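# Understanding the architecture of this molecule
So you can see what is in the structure, the chains are spelled out below.
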Amino acid sequence: MNSSICALCIQPRDLCKSHIIPNAVFRRIKQRQNSGQLIHLDDFDHTPVQYSQESWWEYLLCADCERTIEKYERYGLALLRGRDRTKTQKNSEGIILKEHDYALFKLFLTSVIWRAAVSKQPHFSKVVLLDESREKARVSLFNGKPLHPLHLGCKLLRLIDDTREANGGFSTENLEQLIISPIFRLQEGRPYYTLLFLFEGFLLEYFVRAIPYKRATEKGVHRDLPILFVPNKSIFRIPELVKLMVSAYDKHDRGMVTLKS
């Protein structure tokens, strides 16, 4: 515990170890591979590819607010993981999430980008929100009232590899084990950017300003509808992720890999 001001309720409290990306994501990865260690991967030229035991936490929330956020996390991760198979349908185009609760899932999505924006972790240094947006997100989470779909809107993609796994491609399980620090995506011809998060085999693209009307109806954009369709997207058709993998391969060639069997 660490006594300070809780970022959510803005009251002096004993703070917990709060995870910016849900800790359940890290636990799931650690249980699957590397004797409880994660592989740290980024596109900085000077950092090696290495094992890490970090789970990106800091003293941020009091116990009461941590429980509030965990409620949103439980719903959000259960939905993405398809735990209720009667309400989850997969096909060649993507995944259909039936009877999804807009309010709870929007609060989950908001909780991720808000925590990243208020975090002092270097992994989230690229996540910058205007003060007004950050405060609206905080009030939304504290009161349990979801933001409008266009405010801090999010587009979801389910990652796939359309190459053959036998030829060195990624399996579904491989993709579910990937996690990265948020990445900028500059919008061509427009004076704004979006932010990319990746975990649980999904790419989340957050619009730090209101979603442009023309993009608001794209497949995968989270809307207040009972059914959420998340389209598939090949990992090799996402330039930012290809750049990350090229960087890792280059580091391998330069001997900047410290992984040990």
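### Considering the pattern of salt bridges
When charged atoms on two side chains of opposite charge get close, those side chains can pair. Counted according to the given criterion, the structure contains 15 salt bridges. Where Asp64 meets Arg67, a salt bridge forms, and the shortest distance between an N and an O atom there is 2.4 Å. Placement of both Asp64 and Arg67 in helix α2 (residues 63-81) is noted, with a separation of three residues, approximately one turn of the helix. Glu218 serves as the salt-bridge partner of Arg215, at 3.0 Å between the closest nitrogen and oxygen. Of the residues examined, Arg215 reaches a relative accessible area of 16% and is grouped as buried.

### Describing the nonpolar core
Counting 53 residues, the largest nonpolar core has Ile21, Leu61, Phe108, Phe197, Phe199 and Leu204 as the members making the most contacts within it. With ten residues, the top contributor of residues to this core is helix α3 (residues 102-118). If we skip the residues at most four places from it in the chain, Leu61 touches Cys6, Ala7, Leu8, Asp14, Leu15, Cys16, Ser18, Glu66, Ile69 and Trp114. Membership of the second largest hydrophobic core comes to twelve residues, among which are Leu157, Ile180, Ile183 and Leu241.

### Let's talk about α2
The terminal C-alpha atoms of α2, which comprises 19 residues, lie 26 Å apart, in line with the 27 Å expected from a rise of 1.5 Å per residue. Within α2, the full set of buried residues consists of Cys65, Glu66, Ile69, Tyr72, Glu73, Gly76, Leu77, Leu79 and Leu80. Mapping the buried residues of α2 onto a view down its axis gives an arc of 150°, with all of them on the same face. Across α2 from its buried face, at more than 90 degrees, point the exposed residues Asp64 and Arg74. Backbone geometry just after α2 places Gly82 at a positive phi near 65°.

### Regarding α3
With 17 residues, α3 should reach 24 Å at 1.5 Å per residue; the first-to-last C-alpha distance of 24 Å fits that figure. For α3, the side-chain oxygen to backbone nitrogen distance between the N-cap and Ala103 is 3.1 Å, and the N-cap itself is Asp101.

### Brief notes about the packing of α3 against helix α4 (residues 131-143)
Where α3 contacts α4, the two axes come as close as 10 Å, and the packing angle between them is 130°. Taken together, the axis directions place α3 and α4 in an arrangement best described as oblique. As α3 runs across α4, the sense of the crossing is left-handed. Contacts between α3 and α4 involve Leu107, Thr110, Ser111, Trp114, Ala117 and Val118 on the former and, on the latter, Arg134, Ala137, Arg138, Ser140 and Leu141.

Rules used throughout
- Residues numbered from 1 in each chain as written.
- Predicted model: local features only at pLDDT ≥ 70, side-chain atom pairs only at ≥ 80, totals over all residues.
- Heavy atoms only, no water.
- Salt bridge = Lys/Arg side-chain N within 4 Å of Asp/Glu carboxyl O.
- Helix = DSSP H or I, 4+ residues; strand = E, 2+ residues; numbered from the N terminus.
- Buried < 20%, exposed > 50% of the residue type's maximum accessible area, 1.4 Å probe, protein only.
- Core = buried A, V, L, I, M, F, W, Y, C linked by side-chain atoms within 4.5 Å.
- Contact = heavy atoms within 4.5 Å.
- Expected span 1.5 Å × (residues − 1).
- Arc of directions from axis to C-beta.
- Polar contact = N/O pair within 3.5 Å; in protein donor to acceptor, adjacent residues only side chain to side chain.
- Axes fitted to C-alpha atoms, helices over the stretch in contact; angles between N-to-C directions.
- Parallel < 35°, antiparallel > 145°, perpendicular 65-115°, else oblique.
- Left-handed = near helix turned anticlockwise from the far one by under 90°.

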